[in-house]
There are 2 protein chains.
Amino acid sequence: MPTYTIGIDLGGTNLKAALVERDEGLCESTRTPTDAEEGPEHVLDGIATIVQQLIDASPTGSVEGIGIGSPGAINWEGTTVSQPPNLPGWGTVNVRDELQSRLGDLPVYVENDANVAGLGTAFYGVGRPHDSFVMVTLGTGVGGAIIYNNKIFRGSTGAAGEIGHMTIDYAGPFERYGIGGSAEAYLGQQFLSHHARMRLLATDSKVHDIASTDLENLDPRMLYEAAEAGDGPARDMLAWAGHKLGVLLGSVVNLLDIRTIIVGGGVSAAGDYLLEPARETLPEYVIPPMRNDLKIVREKMGNEVSLLGAAQLAFAGDEAKV
Amino acid sequence: MPTYTIGIDLGGTNLKAALVERDEGLCESTRTPTDAEEGPEHVLDGIATIVQQLIDASPTGSVEGIGIGSPGAINWEGTTVSQPPNLPGWGTVNVRDELQSRLGDLPVYVENDANVAGLGTAFYGVGRPHDSFVMVTLGTGVGGAIIYNNKIFRGSTGAAGEIGHMTIDYAGPFERYGIGGSAEAYLGQQFLSHHARMRLLATDSKVHDIASTDLENLDPRMLYEAAEAGDGPARDMLAWAGHKLGVLLGSVVNLLDIRTIIVGGGVSAAGDYLLEPARETLPEYVIPPMRNDLKIVREKMGNEVSLLGAAQLAFAGDEAKV
């Protein structure tokens with residue numbers, strides 16, 4: 001009999017869940033609005049409902065456990081979620097207990113959403129050939145996860161992997177946490193958009209045709225679009241961002257001796273306009289004995305990778321983490 | 001019967017060895033010139049000789065194994081040393097096989113010297129109260145080690161912990177590997193001395209009384225001496241360096257979620273003139289949820305920590321590493 005787990009992506013807007021078979025991957029998936037403003041009891045009921053739907057759709061007794069990728073801080077045991085951004089009223093919730101009281105004694109494992117995405121990439125995405133890699137997610141913020149020998153490296157409290165807040169220029173611009181010159185201050189969507197607007201306002205870049213007057217709505221997707229259309233200034237701007245990414249990753253490689261980097265998230269859609277300059281810059285910021293085997297690879301799977309990672313969390317149980 | 005191991009510090013100038021009892025710590029120690037220029041066979045014979053002396057000085061059969069801290073790259077299995085700087089003609093040497101052929105079948109474990117110092121601090125130094133910490137060694141270079149749950153975090157090939165080459169200013173000054181703005185370009189002994197000379201040449205700092213004309217021989221020890229004598233410019237200079245250390249450590253904490261930092265090495269003798277500014281700067285470069293429990297502690301044990309760490313390597317065997 002095939003064995004399944006259910007992976008859940010607990011987001012501020014949508015709850016997503018998938019029935020996953022260990023070798024086959026994603027079999028069924030479903031989503032429902034989170035209705036986060038209704039508070040934790042409502043959200044937990046919603047999770048229980050979509051999990052039950054997937055259990056009902058699978059052979060009796062074949063679902064081995066539930067894995068959940070959640071925002072916020074997760075305790076060491078992988079049971080509670082604290083202060084999740086976008087989920088008002090949560091404080092600290094023991095998600096394992098709450099789901100077991102609704103669904104019976106299925107094993108439940110909770111982990112930080114960035115780490116879960118890393119695990120999904122490791123077992124079902126472009127990370128499969130690599131035992132260890134660092135995942136960087138370029139989106140609204142710049143997130144990350146460390147996968148070490150196919151396990152999540154959690155650090156002392158489970159918060160490891162905050163790559164986006166590592167500083168590449170101590171005197172550089174501030175980001176949302178007031179950290180000077182962190183990677184997010186260059187590569188976070190809002191920051192990259194701002195840098196690009198300033199850089200391109202006085203050029204005759206094609207982004208002027210794509211964005212509104214004065215480039216007030218400029219976003220990284222538009223840079224990519226203009227770059228694809230052959231626009232030099234847009235390509236230069238993405239290369240500027242790629243350079244910053246390469247610098248950041250150099251520090252990461254020196255510290256961890258993990259030489260494969262996997263880049264995901266919306267901004268990574270800029271693809272080689274961003275990643276090729278990062279690949280050129282990376283070895284310049286890595287010590288010579290570690291310059292071989294450097295790789296920057298793009299994860300093209302989107303949200304699916306989070307659902308698969310959450311399911312893998314349940315397959316691996318406590319073995320998912322180091 | 002007490003159990004012992006022998007810890008060895010394989011240096012370019014001296015071979016040091018110690019008989020260590022698990023709970024008591026260092027019982028006997030010895031040293032001999034490495035005579036590195038005589039090549040690996042000679043050095044290995046020298047190691048075997050001092051090990052045999054320590055075995056002869058201990059109760060028959062009480063020595064359980066040998067641990068060696070070595071420069072250069074160590075393979076995953078902890079048996080071979082490759083391209084150790086300061087040890088000419090080594091290429092790759094299987095130190096385990098070579099010592100076992102000279103000494104019989106005692107277990108032999110080899111590990112990178114920075115990692116071994118970290119392990120020594122974890123089990124016999126100021127790291128004892130902490131399961132996880134990052135060790136930074138401020139000396140000629142800026143080295144480091146990651147101790148995670150009382151084990152050495154090795155990374156993919158055993159080279160993890162190259163903290164000194166992480167960049168804190170991508171457009172900053174180059175260090176010996178051509179990396180721009182790495183920590184070593186500010187804090188490495190030669191670089192710190194150069195920065196200090198430039199900064200202090202045109203001041204009336206007391207270092208002018210301590211160093212030779214034009215401050216050509218200025219070194220960090222002299223800065224510390226002047227700071228102790230109440231010299232403002234020297235204190236400011238050490239605070240400048242401490243700020244750079246704090247920035248660097250912020251990146252380390254964000255990535256690893258390891259919040260205890262242990263600082264050793266000769267330059268750390270500057271003590272709180274250096275470390276207090278680092279402590280002030282660190283939280284400014286760490287994301288708010290990780291700002292509690294930050295600690296920067298000085299390891300005052302010198303070379304002893306390397307001998308104790310090498311001995312611990314032999315006590316723990318493969319369990320010493322993650």
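Rules used throughout
What you see as residue numbers is a count from 1 along each chain, following the sequence as written. Written order determines the labels here, with chains lettered from A and ligands numbered from 1. Given that this is a predicted model, residues contribute local features only at a pLDDT of at least 70 and side-chain atom pairs are listed and counted only at 80 or more, while totals for whole chains, interfaces and linings are drawn from all residues. For this analysis, nonpolar core means a set of buried Ala, Val, Leu, Ile, Met, Phe, Trp, Tyr and Cys residues linked through C-beta atoms within 7 Å. Put plainly, a residue is buried at 20 or more neighbouring C-beta atoms within 10 Å of its own, exposed at 12 or fewer, and partly exposed in between, counting only other residues' C-beta atoms, which are placed from the backbone. Residues are defined as contacting one another if the C-beta atoms placed from their backbone atoms lie within 7 Å. Residue-level confidence of the predictor is what pLDDT reports, using numbers from 0 through 100. The least-squares superposition of copies is restricted to C-alpha atoms, and to residues with a pLDDT of at least 70 in both copies. Each domain's extent was defined by an automatic or database domain assignment. The helix and strand labels rest on DSSP assignments: H or I over at least four residues marks a helix, E over at least two residues marks a strand, and numbering proceeds from the N terminus. Strands are treated as partners if at least two bridges between them are detected by DSSP. Lines are fitted to the C-alpha atoms to define the axes, a helix being fitted only along its stretch in contact, and any angle between axes, read from their N-to-C directions, falls within 0 to 180 degrees. Roughly parallel covers angles under 35 degrees, roughly antiparallel covers those over 145, roughly perpendicular covers 65 to 115, and oblique covers all other angles. The nonpolar class holds Ala, Val, Leu, Ile, Met, Phe, Trp, Tyr, Cys and Pro. Asp, Glu, Lys and Arg form the charged class, and all remaining residues, Gly among them, are polar. A helix is expected to reach a length of 1.5 Å times the quantity of its residues less one.

1. Observations concerning the nonpolar core
Phase 1 of the analysis: Residues Ile6, Leu187 and Leu223 of chain A together with Ile6, Leu187 and Leu223 of chain B are the most contacted members of the largest nonpolar core, which totals 217 residues.
Phase 2 of the analysis: For Ile6 of chain A, the residues in contact, after removing those within four places along its chain, are Ala17, Ala18, Leu19, Val51, Leu54, Val63, Ile66 and Ala311 of chain A.

2. Description of the confidence of the model for chain A
When pLDDT drops low, the exact placement of atoms in the prediction is not to be read closely.
Phase 1 of the analysis: For chain A, per-residue confidence averages 95 on the pLDDT scale, and residues scoring 70 or more make up 100% of the total.
Phase 2 of the analysis: Predicted complex, confidence summary: ipTM 0.95, pTM 0.95.

3. Details of the relation of the copies chain B and chain A
Two chain copies, one operation linking them: a rotation about an axis together with a shift along it.
Phase 1 of the analysis: The transform that puts chain B on chain A rotates by 180° and translates by 0.0 Å along the axis, for an RMSD of 0.0 Å. The two molecules are tied by a two-fold rotation axis, judged by turn and shift. Scanning chain B for the C-alpha nearest the rotation axis identifies Asp169 of chain B, at a separation of 2.0 Å.
Phase 2 of the analysis: Take the interface residues of chain B: 100% of them recur as interface residues in chain A, which is what a same-surface contact looks like.

4. As for the domain arrangement of chain A
Residue and element names in this part refer to chain A.
Phase 1 of the analysis: Structurally, chain A comprises domain 1 (4–119 + 304–320) and domain 2 (130–298).
Phase 2 of the analysis: A separation of 29 Å is found between the C-alpha centroids of domain 1 and domain 2.
Phase 3 of the analysis: Listed as interface residues are 12 residues of domain 1 and, on the opposing side, 13 residues of domain 2.
Phase 4 of the analysis: Of all the elements in the fold, those that place two or more residues in the side of domain 1 that touches domain 2 are strand 5 (73–74), strand 8 (108–112) and helix 3 (113–124).
Phase 5 of the analysis: With 5 residues, helix 3 is the largest single contributor of residues to the side of domain 1 that touches domain 2.

5. A look at the sheet that holds strand 6 (residues 80–82) of chain A
Residues and elements named next belong to chain A.
Phase 1 of the analysis: Pairing in this open sheet of 3 strands is antiparallel, and the strands run 5-6-7 from one edge to the other. Each edge of the open sheet carries a strand with a single partner, namely strand 5 and strand 7 (92–94).
Phase 2 of the analysis: Pairing of strand 5 with strand 6 involves 2 bridges; the strand directions are antiparallel. Considered in strand 6, the bridge of Ile74 is made with Val81.

6. Section: the packing of helix 3 (residues 113–124) of chain B against helix 10 (residues 304–316) of chain B
The description of two packed helices rests on the angle between their axes and on the distance between the axes.
Residues and elements named next belong to chain B.
Phase 1 of the analysis: Contact geometry of helix 3 with helix 10 gives a least axis separation of 7 Å together with a crossing angle of 85°. Taken together, helix 3 and helix 10 sit at an angle that is classed as roughly perpendicular. Residues Asp113, Val116, Ala117, Gly118, Leu119, Gly120, Thr121, Phe123 and Tyr124 of helix 3 touch helix 10, and the partners they reach there are Val305, Ser306, Leu308, Gly309, Ala310, Gln312 and Leu313.
Phase 2 of the analysis: For the contact of helix 3 with helix 10, the class distribution of residues is 9 nonpolar, 6 polar and 1 charged.

7. Topic: helix 5 (residues 189–200) of chain A
Residue and element names in this part refer to chain A.
Phase 1 of the analysis: End to end, helix 5 covers 16 Å across 12 residues, agreeing with the expected 16 Å (1.5 Å per residue, within 8%).
Phase 2 of the analysis: Taken as a whole, helix 5 has its buried residues at Phe191, Leu192, Ser193, Ala196 and Leu200.
Phase 3 of the analysis: Of the surrounding secondary structure, the elements contacted by the buried residues of helix 5 are helix 4 (184–187), helix 6 (207–210), helix 7 (220–228) and helix 8 (232–256).

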